[in-house]
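Fold and contact review
Listed below, chain by chain, are the residues.
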Amino acid sequence: MSQLITNIGELMTQDGEAAVLRNAAVVLEGERISWIGPAAQAPAADEAYDAGGRAGLPGWVDSHTHLVFAGDRTAEFEARMAGESYAAGGIAVTVEATRAAGDYDLTRLLLGRIAEAAAGGTTYLETKTGYGLDVGQEARSARIAAGAVDEVTFLGAHLVPAGWDPDEYTDLVCGPMLDAVRPYVRWADVFCETGAFTAEQARRILSACAEAGLGLRVHGNQLGPGDGVALAVEFGAASVDHANHLTDDDVDALAGTWAGFGAGSGAQGMPGTVATCLPACDLSTRQPFPPARRLLDAGVQLAIASNCNPGTSYTTSMGFCVATAVLQMGLTISEAVRAATVGGALALRRHTGEDVDGRRAVGSLAVGHRADLQLLDAPSATHLAYRPGMPLVHAVWRAGKRVR
């Protein structure tokens, strides 16, 4: 069945030309977009929806979340707001609660967070393991996630559990744990940071995961200058996430990975390492924001993601993250929306064409791409930052089906 969404006041396509159309319409055919253009020229469809002059844009692509968890870390948050510094060790609190939860409760909690994200305009989601930290629990988290989200990342290398020798735990991550999660995951990640994993341990984990055929991501340079960016570039990782503390060499190295890759969602060539910014996390941890303007000016592609997790960024609101990027990080609304759509798709390698597994491109509105679209109760996307925190999402279609 075809659906015509017409009378869209402003349509930010985020396509290869980053076109912004006025008085536009989109036709959805099954799960794909079959036509985009002026509303006055729209073809007939089986059903029609009048957008009433509202703004339209792609659904958000949230490329970094930690949604499979139980428990609460309010006390940690309160302590941080009272002046205590953030440290990686708080993850252990969530590990204990997650291990104690049954499959039913973990699944219920996960589905609730996914529904919350969809209501806020998110139509494509990545999530990670990392709150199990033993073979059985990591495999369980991966299995539960694989039944609910678009992309699953193995993050057994989130923290060294209490009582473990770091090198022995690294061996476990590289061997039995990787084998157990492999059927459920497409990506692997490592937290290369003070209090988590050293550069040498991270290198061993990334090597093992690459050999197993997984795409790579890196948590890096969050708490201070470090080796995360250099490792991500060395291994050709799809993204390095956080990236708060960057040297000139880090920026140059990231920019070098994008040499020859053109602008826009339909660009040809191999994409480089995306710098994924997590602005809600930076507010919560009171870390400096990533140097987004410096990265963009150097030619690095940015993503914006929610980093939804119970310790440092308990939000699924990509709209809030976009507003924060505009108000606090110096991005324009167009740059921030691109980072939260095409940027996320680049970080997940879902930005163009039909991939080898047959999934359609996401993060932009173009003929043949997946029909992921949101309408705002506003005449333009600028209202996301102009009216921060307001519930502006009016309607959402995911793979051609209306979910809000």
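Structure first, text after, so check above.
The following refers to the structure shown.

Definitions and limits used
Residues numbered from 1 in each chain as written. Predicted model: local features only at pLDDT ≥ 70, side-chain atom pairs only at ≥ 80, totals over all residues. Heavy atoms only, no water. Pairing = 2+ DSSP bridges. Helix = DSSP H or I, 4+ residues; strand = E, 2+ residues; numbered from the N terminus. Axes fitted to C-alpha atoms, helices over the stretch in contact; angles between N-to-C directions. Disulfide = S-S within 2.5 Å. Buried < 20%, exposed > 50% of the residue type's maximum accessible area, 1.4 Å probe, protein only. Salt bridge = Lys/Arg side-chain N within 4 Å of Asp/Glu carboxyl O.

1. Structural notes on the sheet that holds strand 10 (residues 215-220)
By way of backbone hydrogen bonds, the strands of a sheet pair with one another, either parallel or antiparallel. A sheet is described by the order of its strands in space; here eight strands give the open sequence 6-7-8-9-10-11-12-13, paired in parallel fashion. In this open sheet, the two strands that pair with only one neighbour each are strand 6 (60-62) and strand 13 (302-304). Strand-to-strand twist in this sheet, taken as the mean axis angle between neighbours without regard to direction, amounts to 25 degrees. Sheet topology note: the strand 8 (residues 151-157)/strand 9 (residues 187-192) ladder contains three bridges and is parallel. Counterpart to phenylalanine 154 in the pairing with strand 9 is alanine 188.

2. Some thoughts on the state of the cysteines
Should the sulfur atoms of two cysteines be covalently bonded, the bond is a disulfide. In the structure shown here, the tally under the stated rule is zero disulfides. Cysteine 174 forms no disulfide, and the closest cysteine sulfur to it belongs to cysteine 209, at a distance of 6.6 Å.

3. Section: the pairing of strand 1 (residues 2-12)
Among the eleven residues in strand 1, ten count as buried, and that is most of the element. Both strand 1 and strand 2 (residues 20-29) contribute to a ladder of eight bridges, which runs antiparallel. Within the sheet, the bridge partner assigned to isoleucine 8 lies in strand 2 and is alanine 24. Bridge count for strand 1 against strand 4 (residues 47-50) is four bridges, and the pairing is parallel. Bridged to glutamine 3 within strand 4 is glutamate 47. Inspection of the sheet shows strand 1 paired to strand 5 (residues 55-58) by two bridges, in the parallel sense. Looking at the pairing, leucine 11 lines up with glycine 56 of strand 5.

4. A look at the pattern of salt bridges
A complete count under the given rule lists 22 salt bridges for this structure. The shortest N-O distance in the salt bridge between arginine 398 and aspartate 150 comes to 2.6 Å. Of this pair, arginine 398 sits in strand 15 (residues 393-398) while aspartate 150 sits in the loop between helix 4 (135-146) and strand 8, and the two are 248 residues apart along the sequence. Linked through salt bridges whose partners overlap, the residues forming this network are Asp150, Arg370, Asp372 and Arg398.

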